[in-house]
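# Remarks on the overall topology
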Amino acid sequence: MKKILIFKKINAVLLLLSLFLTSNFYSQESKTVKNVVLVHGAFVDGSGWEGVYNALVKKGYHVSVTQHPLLSFDDDVKAVSRIIDQQDGPCILVGHSYGGAIITTAGNNPKVAGLVYVAAHAPDEGESEADNGKKFPPAYQSLIKGDDGFDYINVNNFADDFAGGVEKEKAHFMAVSQTPTADAAFHAVIKNPAWKTKPSWYVVAKSDKIINPDLERMYAKRAKSTTIEVAGASHCVFMTHPKEVSDLIISASKNSGK
């Protein structure tokens, strides 16, 4: 009889332990942010996110890719904010390059739970990415400023300066199909940067020619971002290393509420 009682007590303890672990597991799972918004940078559109998009969707994430016009900073923030507002719950907001300045402002939306910067600008109050670029000069010299106020990258230098590591034909197509970007957008002065109140993550592209990697490191350190550095990665790290980028986004989705 004693053996039966002891056996029943052990079973009861094991059952309670199992229920606790299961409850804790689902509690942790419920805290994972399942919405991700991907924000492209200057001169390109959202199609470059395809590799990251596919990796996240396979993991069960709901992913939105913005297509902002690059005509002005304010209009781009509005376009991204429109997509954030469409989310059915909290989201992780991810920005590449100039897209980092956009998410620094749009990230104040209450639906944004965390920010992920991918070789991106993260200006502080009163700063612009153009001025920060002067403090940490980039390696490229292929920027062409049009007489109409729009900038673009010299087609002949695009593959090496902007899209290092991208398959040759793809990089050439990106060059000839690039979207000229309003020069004024790069001079937009940031107000109320979201990274001061939202947790952030950062991908440093160690071979970036468009943004000085030391500027990227400064941004990440200042924002207290959880940071990874990708060796040999160009400015198009989000295209050439989609696994590393998507893994960091997933980490953000699981830890933004902590």
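Each remark here, short or long, concerns the structure printed above.
Here is a short report on the structure shown in this document. (Residues numbered from 1 in each chain as written. Predicted model: local features only at pLDDT ≥ 70, side-chain atom pairs only at ≥ 80, totals over all residues. Heavy atoms only, no water.)

Position of Ser234 among the secondary structure elements: in the loop between strand E9 (226-230) and helix H9 (237-240). Excluding its chain neighbours within four sequence positions, the residues that come into contact with Ser234 are Phe162, Ala163, Gly164, Ala205, Ser207 and Asp208. (Helix = DSSP H or I, 4+ residues; strand = E, 2+ residues; numbered from the N terminus. Contact = heavy atoms within 4.5 Å.)

This part is about the packing of aromatic side chains. Evaluated as defined, the whole model comprises 6 aromatic pairs. Residues Tyr98 and Phe186 carry aromatic rings whose centres are separated by 5.7 Å and whose planes lie at 80° to one another, so their mutual orientation is edge-to-face. Remark: Phe186 occurs in the loop between strand E7 (181-182) and strand E8 (200-205) and Tyr98 occurs in helix H4 (residues 98-106); sequence separation between them is 88 residues. In this structure Tyr98 comes out as buried when scored by relative accessible area, which is 0%. For Phe186, a relative accessible area of 11% puts it in the buried group. Joined through ring pairs, the aromatic side chains of Phe43, Phe73, Tyr98 and Phe186 make up one cluster. The cationic tip of Lys34 hangs over the ring face of Tyr61; the distance from NZ or CZ to the ring centre is 4.1 Å. (Phe/Tyr/Trp six-rings, centres within 6.5 Å; stacked < 30°, edge-to-face > 60°. Buried < 20%, exposed > 50% of the residue type's maximum accessible area, 1.4 Å probe, protein only. Lys NZ or Arg CZ within 6 Å of the ring centre and 35° of its normal.)

The subject of this paragraph is the sheet that holds E8. One open sheet accounts for 6 strands, arranged E2-E1-E3-E4-E8-E9; its pairing is parallel. Edge positions in the open sheet fall to strand E2 (62-65) and E9, since each of these has one partner strand only. Recorded for the sheet is a direction-independent mean angle of 15° between the axes of neighbouring strands. In this structure, strand E1 (residues 35-39) lies alongside strand E3 (residues 91-97), joined through 5 bridges in parallel fashion. For Val39, the partnering residue across the bridge sits in E3 and is Gly95. The strands touched by helix H3 (residues 73-85) are E1, E2, E3 and strand E4 (112-120); relative to E3, the strand with the most contacts, the crossing angle is about 155°. Of the strands in this sheet, E1, E3 and E4 touch H4, which is tilted by about 145° from E3. (Pairing = 2+ DSSP bridges. Axes fitted to C-alpha atoms, helices over the stretch in contact; angles between N-to-C directions.)

For the rest of this paragraph, the subject is the packing of helix H2 (residues 50-58) against helix H10 (residues 242-255). For the pair H2 and H10, the least separation of the axes is 9 Å and the interaxial angle reads 50°. Accordingly, the angle class assigned to the pair H2 and H10 is oblique. Seen along the crossing, H2 lies across H10 with a hand that is right-handed. The residues of H10 that touch H2, namely those facing Gly51, Val52, Ala55 and Leu56, are Pro242, Val245, Ser246, Ile249 and Ile250. Broken down by class, the residue content of the contact of H2 with H10 amounts to 7 nonpolar, 2 polar and no charged. (Parallel < 35°, antiparallel > 145°, perpendicular 65-115°, else oblique. Left-handed = near helix turned anticlockwise from the far one by under 90°. Nonpolar A, V, L, I, M, F, W, Y, C, P; charged D, E, K, R; others polar.)

As a further point, take the sheet that holds E7. Pairing within the open sheet is antiparallel, and its 3 strands lie in the order E5-E6-E7. Edge positions in the sheet fall to strand E5 (143-145) and E7, since each has one partner strand and no second. Note: E5 against strand E6 (residues 150-153), 3 bridges, orientation antiparallel. Its bridge partner being in E6, Leu143 is matched across the sheet by Ile153.

Along the polypeptide, Asn35 turns up in strand E1. Residue Asn35 is classed as buried on the basis of its relative accessible area, which comes to 6%. Among the polar contacts made by the side chain of Asn35, one reaches the side chain of His62 at a distance of 3.2 Å. Among all residues touching Asn35, those that are not within four sequence positions of it are His62, Gln87, Asp88, Gly89, Pro90, Cys91 and Ile92. (Polar contact = N/O pair within 3.5 Å; in protein donor to acceptor, adjacent residues only side chain to side chain.)

In this section: the pattern of salt bridges. If you walk through the whole model with that rule in mind, you get 8 salt bridges. Among the ionic pairs, Arg222 bridges to Glu127, the shortest N-O distance being 3.0 Å. Highlighted residues: Arg222 in helix H8 (residues 213-222) and Glu127 in the loop between E4 and helix H5 (129-135), separated in sequence by 95 residues. Judged by relative accessible area, which is 25%, Arg222 ranks as partly exposed. Of the residues examined, Glu127 reaches a relative accessible area of 16% and is grouped as buried. A salt bridge links Lys134 to Asp131; the shortest N-O distance between them is 4.0 Å. With Lys134 and Asp131 both in helix H5, this residue pair falls 3 residues apart, about one helical turn. The exposure class assigned to Lys134 is exposed, which follows from its relative accessible area of 60%. (Salt bridge = Lys/Arg side-chain N within 4 Å of Asp/Glu carboxyl O.)

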